[in-house]
Amino acid sequence: MLSGYWHFVPEVLVVAGALVALFGEFMPGRGRGAAYIAAALAALAALLVAFGGTGAPMVFGLVEPDGIARFARAGVAGLTAVWALWVAGRGMPDERRRDAVAFAMFAAAGGMLLSMAEDLIVMYIALELSTMPAYVLMGYRRRDVEGLEGALKYFLLAMLTSILMLYGLSFLYGISGSTAFADITLGGSGALGLVAVLLTLVGLLAKMSAAPFHYWAPDAYAGALPSSVAFVSTVPKIAGITVIARLMAAIAPEMPELVGVLAVASAASMVLGNLAALPQSELRRLMAYSGVAHTGYLLMALAPGTDIGYAAAVFYAVAYSVPSMAVMLVVAEEGTGITDLGQLATRRPWLAWSMVLWLLSLIGIPPLAGFFGKLYLFGAAVDGSLWLLVVLGILTSVVSAGYYFRIVREMFFGESPVARGGGPVVAEQPAAMVALVVLAVAVAAIGIGASPLLRGIGALLG
Amino acid sequence: MLPLLTTIVFLPLVGAAITAFLPKDRAGLPRMVALVVSLIDLALVIWLVASFDAGGGLQFVERARWIPEAGIQYFMGVDGISLPLLFLSALLLPISILASWKVSERPSFYFAMILLLAVGMNGVFVALDFVLFYVFWELVLVPMYFLIAVWGGPRREYAAIKFFLYTLFGSVFMLVGILALYLHPAGGTFDMMALAGSGFPAGFQWWAFAAFFLGFAVKVPVFPFHTWLPDAHVEAPTAGSVLLAGILLKMGTYGFVRVSLPLLPEAAATWAWFVALLGVISIVYGAAVAFAQTDLKKLVAYSSVSHMGFVMLGIASATPEGLNGAVAIMFAHGVITGMLFLLVGMVYERTHTRMIADVSGLSKQAPVAAGMLAFASFASLGLPGLAGFVGEFLSLVGAWRSELVPSGLVIAAAVGVLLAAAYMLWMVQRTVLGTQSKEVEGITDLTRLEIGILIPLVVITVVMGVYWSSILRYVDPAVNALLASMGAV
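Not measured: the values here are computed from a predicted model.

Side note on the overall build of chain B
At step 1: Check the secondary structure of chain B and you find 21 helices and 2 strands.
At step 2: Against the compact-globule benchmark of 23 Å for 489 residues, chain B has a radius of gyration of 21 Å, which places it among compact chains.
At step 3: When each of the 489 residues of chain B is scored for burial, the buried share is 62%.
At step 4: In chain B, 79% of the contacts between residues at least 6 apart in sequence involve partners at least 24 apart.

Structure below.
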């Protein structure tokens with residue numbers, strides 16, 4: 001029962017990285033060195049997960065390092081490594097960079113555990129571990145009142161929904177007499193079972209910023225540092241969707257009503273997110289609403305309650321997170337208004353073209369990651385005969401092209417903020433450049449080379 | 001053996017990568033690289049055509065595993081239907097590069113986009129796996145967006161995004177159609193050849209047909225999905241218009257021939273009257289609107305809507321004549337409309353106007369240009385003996401013989417032929433003839449390079465018009481095989 005602890009080595013590495021960053025006072029380079037070491041440890045953890053193989057349920061069945069978990073953990077650790085590398089290079093304005101890296105690493109460790117959770121208590125603790133540091137990151141600038149207000153809103157709402165979820169979990173435990181996902185039996189529990197599941201889902205969906213629990217996201221994001229948003233809006237989503245998939249796999253067969261619940265949340269998220277993103281010119285708000293929309297696509301894959309749907313959702317979570325993190329990092333470098341990206345193509349052509357790649361992937365243009373993600377999740381929805389959701393998903397994808405292309409238009413045909421006297425051209429920073437290039441390569445590689453990844457998740461379409 | 005199709009498709013991608021990284025101070029280098037790459041590509045395609053066995057079905061097949069977890073293959077091949085279109089695509093590429101010889105604004109970006117566009121155009125016609133097909137289908141959107149948005153006319157940004165969103169709207173529906181075929185118990189593969197004759201139930205076919213119809217109809221474009229086309233054409237640079245009308249529109253009609261007919265034969269038969277009706281509306285409406293145009297480029301753009309209507313009519317008929325005609329028009333329209341857009345561009349460079357009223361009396365000042373314009377117009381209106389006639393005649397015969405197409409529609413389409421003759425001749429009368437306008441005064445005639453660009457197209461127009469079997473000997477066996485697989489022959 002206690003064998004196979006080596007499966008936790010990646011998590012240990014990530015926590016070690018967090019500790020190095022936290023106590024890096026005595027490292028050379030004023031904390032920068034500590035941040036680099038943390039990034040390297042996270043990258044190593046991602047590689048270990050990716051090539052480490054899968055295992056049976058362990059630690060008394062509390063966690064299961066299966067294929068889906070492996071993919072999600074590798075995604076969480078890998079993206080955290082890229083983010084830490086960027087922060088090590090560019091830093092956080094007005095504050096110490098290594099603390100931010102430490103918080104992100106703790107959140108990543110929580111996310112990686114969450115991706116493996118097979119037990120309600122583990123799920124709750126890992127979820128809190130992955131979101132607690134996120135609150136700090138969202139209000140990272142101590143003297144920024146607006147940022148603190150956004151972070152406080154985020155914190156209060158997240159706490160409220162966490163407590164609701166805990167309430168739901170207590171019912172689930174009461175009904176089935178066990179906290180293990182595998183033992184949850186809702187047959188004959190009637191309305192109480194539904195209430196328990198709904199309360200649990202409220203907590204999870206709010207953390208995913210799914211409609212109608214999305215109201216916190218735009219305000220919280222718009223007040224936070226873009227570099228914080230780059231992490232908070234992406235990495236926790238991968239772990240969150242993974243654990244929802246795991247929980248659904250246990251519950252959905254006993255509760256067919258869930259299809260309807262998830263379908264409604266999915267439709268609302270896609271429509272509200274995409275329509276609300278359309279008029280935004282504050283890029284953090286735009287990406288916040290686009291995040292709501294992408295959560296809608298993720299829920300579409302979960303709704304049918306099939307294995308292919310779960311795999312599609314986890315795959316899409318990574319396919320969404322890579323370009324989304326990249327776009328927010330560019331926003332952190334260039335500025336938060338859409339006009340701040342004006343003429344990026346002449347100032348930093350490589351970055352403008354990378355942006356085109358990321359935005360096209362977010363729209364779902366082949367052969368990029370986002371396309372294969374959408375192919376899989378539309379496939380799961382078609383397979384589940386959720387035709388209305390599919391049509392909504394298609395129409396809103398086209399709407400999303402409208403606002404993503406406003407960014408492209410600004411980068412190529414807008415007016416340069418430098419010409420307007422908005423400050424000098426942003427100088428290149430090697431580590432940040434490497435981080436962004438990795439994200440650009442990843443968005444193409446995940447698409448064209450989807451085959452081994454899909455085999456790893458155990459996803460077979462059709 | 002050398003993977004010929006892969007080389008033909010991806011050679012321009014290599015060229016685009018080279019072009020993008022050329023030193024910025026050598027402005028003449030990108031166009032040379034692009035031209036060389038496009039000529040090698042054309043040579044390879046000519047070699048392919050020469051070694052193609054006209055009656056031999058699917059050839060030059062390349063098949064490899066790509067994403068087996070989702071049944072996605074790397075599967076390419078050509079048959080007699082895709083061969084002329086691949087040739088057309090390879091032919092128009094160097095021509096449009098030569099027509100852009102004077103582009104001075106960001107030349108490396110420009111030629112990289114043209115070459116990237118070529119990857120998508122070539123790829124669509126040879127891809128036989130649905131996902132690969134979709135990859136190439138969408139690949140053309142981005143370079144065309146930039147070609148219009150960076151080097152276009154005054155309303156270029158609006159036209160570019162309109163083009164992008166409209167065609168994206170259509171193609172995502174096609175994606176759902178693809179997934180529906182794949183996930184249906186009778187389907188189970190993305191292999192377009194294997195899916196032919198899968199015997200999907202009729203009710204399912206209707207829905208799948210509707211999804212594919214949206215994807216293809218926007219691209220063609222069929223009335224009432226055509227509104228993006230005039231904007232895109234008017235704003236696009238000359239080479240963009242040539243490739244848009246010459247190749248990109250054909251992707252839509254090719255989709256109908258390659259997908260809708262063989263994969264969903266019952267729905268295609270049931271909805272033939274509807275496809276034919278929209279085709280005929282496109283013919284008449286396109287011609288009527290072309291009549292009213294004062295802008296040369298818009299006139300040619302609307303004439304494209306009209307001509308593509310004939311293709312739709314031929315496809316709807318599902319007869320050997322109709323389908324031969326449809327493919328023949330696709331090819332001929334690419335050549336002839338390419339000529340027309342090139343000439344409009346050449347005239348515009350000299351007179352700085354595209355208004356028909358402002359370019360009257362060309363024949364005295366620039367006889368070669370005037371003669372070429374008259375020739376291209378005659379070819380476009382379907383003069384017997386030139387390429388445009390072949391397909392229109394065959395598709396009308398096919399539609400008349402077909403039981404699927406109401407005769408009234410065919411008569412209406414024949415009226416469209418008369419309209420085409422009328423608006424084209426009227427345009428020729430006002431530009432080539434007529435009293436010389438002040439914009440035309442003092443302009444130079446076509447240069448040797450410009451004549452050299454047009455000559456291959458003129459030759460092909462005459463050869464195809466006189467010697468029909470130069471193209472039909474490839475198309476006919478493939479069409480018959482396709483109809484046989486549908487059980488219609």
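That was the structure; now back to the text.
Here's the deal with the interface of chain B and chain A
At step 1: Facing 27 residues of chain B, the contacting portion of chain A comprises 26 residues.
At step 2: Secondary structure elements with two or more residues in the side of chain B that touches chain A: β1 (59-67), α5 (130-139), α6 (141-151) and α7 (156-183) of chain B.
At step 3: Per-element accounting of the side of chain B that touches chain A gives the leading share, 14 residues, to α7 of chain B.
At step 4: Residues of the side of chain B that touches chain A, tallied by class, amount to 22 nonpolar, 2 polar and 3 charged.

Section: the pairing of strand β2 (residues 72-78) of chain B
Residues and elements named next belong to chain B.
At step 1: Judged by how many residues are buried, β2 sits mostly within the fold: 5 of 7 residues are covered.
At step 2: The sheet contact formed by β1 and β2 spans 6 bridges and is antiparallel. Counted as the bridge partner of R65 is Q73 from β2.
At step 3: Counting the residues between successive antiparallel strands, the hairpin from β1 to β2 contains 4 residues, one of them, G71, with a positive phi of roughly 65°.

Considerations on the confidence of the model for chain B
Residue and element names in this part refer to chain B.
At step 1: Averaged over chain B, the pLDDT score is 91; the fraction of residues at 70 or greater is 99%.
At step 2: Least confident of the elements in chain B is helix α16 (residues 362-365), whose mean pLDDT is 87; most confident is helix α3 (residues 82-99), at 95.
At step 3: Here the prediction assigns the complex a pTM of 0.93, and the interface score ipTM is 0.91.

With respect to helix α11 (residues 257-277) of chain A
All names here are of chain A.
At step 1: Compared with an ideal rise of 1.5 Å per residue, which puts 21 residues at 30 Å, α11 spans 30 Å between its outermost C-alpha atoms and is within 8% of the ideal.
At step 2: Taken together, the buried positions of α11 are occupied by L258, L262, A263, A265, S266, A267, S269, M270, G273, N274, A276 and A277.
At step 3: As for α11, its buried residues are in contact with α7 (190-207), α10 (235-251), α12 (283-302) and α17 (387-413).

Focus on the environment of Y124 of chain A
Residue and element names in this part refer to chain A.
At step 1: By the element assignment, Y124 lies in helix α5 (residues 120-138).
At step 2: A sequence separation of 123 residues divides Y124 from L247, and the C-alpha atoms of the two residues are 12 Å apart.
At step 3: Not counting residues up to four positions away in its chain, the partners in contact with Y124 are L166 and L169.

Points about the nonpolar core
All names here are of chain A.
At step 1: A38 and A42 are the most contacted members of the largest nonpolar core, which has 407 residues in total.
At step 2: Top contributing element to this core by residue count: helix α13 (residues 307-334), with 21 residues.
At step 3: Dropping the residues within four chain positions of it, A42 is found in contact with V14, G17, A77, T80, A81, A84, M105 and A108.

What to know about the environment of G223 of chain A
Residue and element names in this part refer to chain A.
At step 1: With respect to the helices, strands and loops of the structure, G223 is situated in helix α8 (residues 216-223).
At step 2: A tally of 24 C-beta atoms within 10 Å means that G223 is categorised as buried.
At step 3: Along the backbone, G223 and A74 are 149 residues apart, and their C-alpha atoms lie at a distance of 30 Å.
At step 4: In this structure G223 touches E146, G147, E149 and G150, once residues within four positions along its chain are discounted.

With respect to the packing of helix α10 (residues 228-235) of chain B against helix α14 (residues 296-317) of chain B
Residues and elements named next belong to chain B.
At step 1: In contact at an axis separation of 9 Å, α10 and α14 are set at 140° when each is read in the N-to-C sense. The orientation of α10 relative to α14 falls into the category oblique. Between α10 and α14 lies a crossing whose hand is right-handed. When α10 is examined against α14, the residues L229, P230, H233 and V234 are found in contact with a partner set consisting of K297, K298, A301, Y302 and V305.

So, α7 of chain B
At step 1: Compared with the 40 Å implied by 1.5 Å per residue over 28 residues, the 40 Å span of α7 of chain B between its first and last C-alpha is a close match.
At step 2: Burial of α7 of chain B is extensive: 23 of the 28 residues sit out of reach of the surface.

Examining the packing of α11 of chain A against α17 of chain A
Residues and elements named next belong to chain A.
At step 1: Between α11 and α17, whose axes approach to 9 Å, the crossing angle comes to 20°. In terms of orientation, α11 lies roughly parallel with respect to α17. In the packing of α11 onto α17, the handedness of the crossing is left-handed. Of α17, the residues touching α11 (which contributes A263, S266, A267, M270, V271, N274, L275 and A277) are L389, L392, G393, T396, V399, S400 and Y403.

So, how was this worked out
Residues numbered from 1 in each chain as written. Chains lettered and ligands numbered in written order. Predicted model: local features only at pLDDT ≥ 70, side-chain atom pairs only at ≥ 80, totals over all residues. Helix = DSSP H or I, 4+ residues; strand = E, 2+ residues; numbered from the N terminus. Rg over C-alpha atoms; globule rule 2.2 N^0.38 Å. Buried ≥ 20, exposed ≤ 12 C-beta atoms within 10 Å, placed from the backbone. Contact = placed C-beta atoms within 7 Å. Nonpolar A, V, L, I, M, F, W, Y, C, P; charged D, E, K, R; others polar. Pairing = 2+ DSSP bridges. pLDDT = per-residue confidence, 0-100. Expected span 1.5 Å × (residues − 1). Core = buried A, V, L, I, M, F, W, Y, C linked by C-beta atoms within 7 Å. Axes fitted to C-alpha atoms, helices over the stretch in contact; angles between N-to-C directions. Parallel < 35°, antiparallel > 145°, perpendicular 65-115°, else oblique. Left-handed = near helix turned anticlockwise from the far one by under 90°.

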